[in-house]
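Close look at the chain arrangement
Residues per chain are reported as follows:
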Amino acid sequence: MPLPLVLALLAHREQQEAARRIAADLWHDGQWVFAQPTGKPTDPRADYGEWKAVLKAAGVREARLHDARHTAATFLLALGIGERAVMDVMGWSKITMDQRYQHVPDEVRRGIATLLGGLLWQAPGDDDGEPPTSALVPA
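For the rest of this paragraph, the subject is the packing of aromatic side chains. For the structure shown, the criterion picks out one aromatic pair. Stacked on the ring of Y101, the Lys or Arg R69 has its end atom at 5.5 Å from the ring centre.

One non-glycine residue, A24, lies in the positive phi region at around 50 degrees. Positionally, A24 belongs in the loop between α1 (3-23) and α2 (44-58). Here A24 falls in the partly exposed class, since its relative accessible area comes to 49%.

Taken together, the side chains of L116, L119, L120 and W121 present a nonpolar region at the surface, about 490 Å² in accessible area. When you line up the elements, W121 lands in the segment after α6 (106-120). The exposure class of W121 is exposed, given its relative accessible area of 67%.

The rules behind the values
- Residues numbered from 1 in each chain as written.
- Predicted model: local features only at pLDDT ≥ 70, side-chain atom pairs only at ≥ 80, totals over all residues.
- Heavy atoms only, no water.
- Phe/Tyr/Trp six-rings, centres within 6.5 Å; stacked < 30°, edge-to-face > 60°.
- Lys NZ or Arg CZ within 6 Å of the ring centre and 35° of its normal.
- Helix = DSSP H or I, 4+ residues; strand = E, 2+ residues; numbered from the N terminus.
- Buried < 20%, exposed > 50% of the residue type's maximum accessible area, 1.4 Å probe, protein only.
- Patch = residues over 30% accessible without salt bridge, like charges linked within 9 Å, V, L, I, M, F, W, Y side chains within 5 Å.
- Areas by Shrake-Rupley, 256 points an atom, 1.4 Å probe, with all protein chains shown as cover.
- Salt bridge = Lys/Arg side-chain N within 4 Å of Asp/Glu carboxyl O.

See the structure below:
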């Protein structure tokens, strides 16, 4: 997990421990990472409402929470992470799941076009023996 996420989860755990102390005998210990102030599982309707509020505050279009999995998979593609590693991180049992979850963003397409253009229309004398590179095209 990225370090900022680890730190956020650690801070959340401290907040949840404080809620546990306040709830005392009312606490229901279900070992939930995210729970109500009494330890019960998060209400799906409330969770959905919070998700929508986060999207609105971030200024992004409405989306299902599940759509975040597509975003994560696409980010891994854009970063050039290898198929096997993506499969492991995403928890897929079949690599063919990449066809369902990974979407090629316009930035990657433009990066591919730039690389191809540099390869096919490279000016004479500019050949250093290396193809042009782009941070927007996965390896």
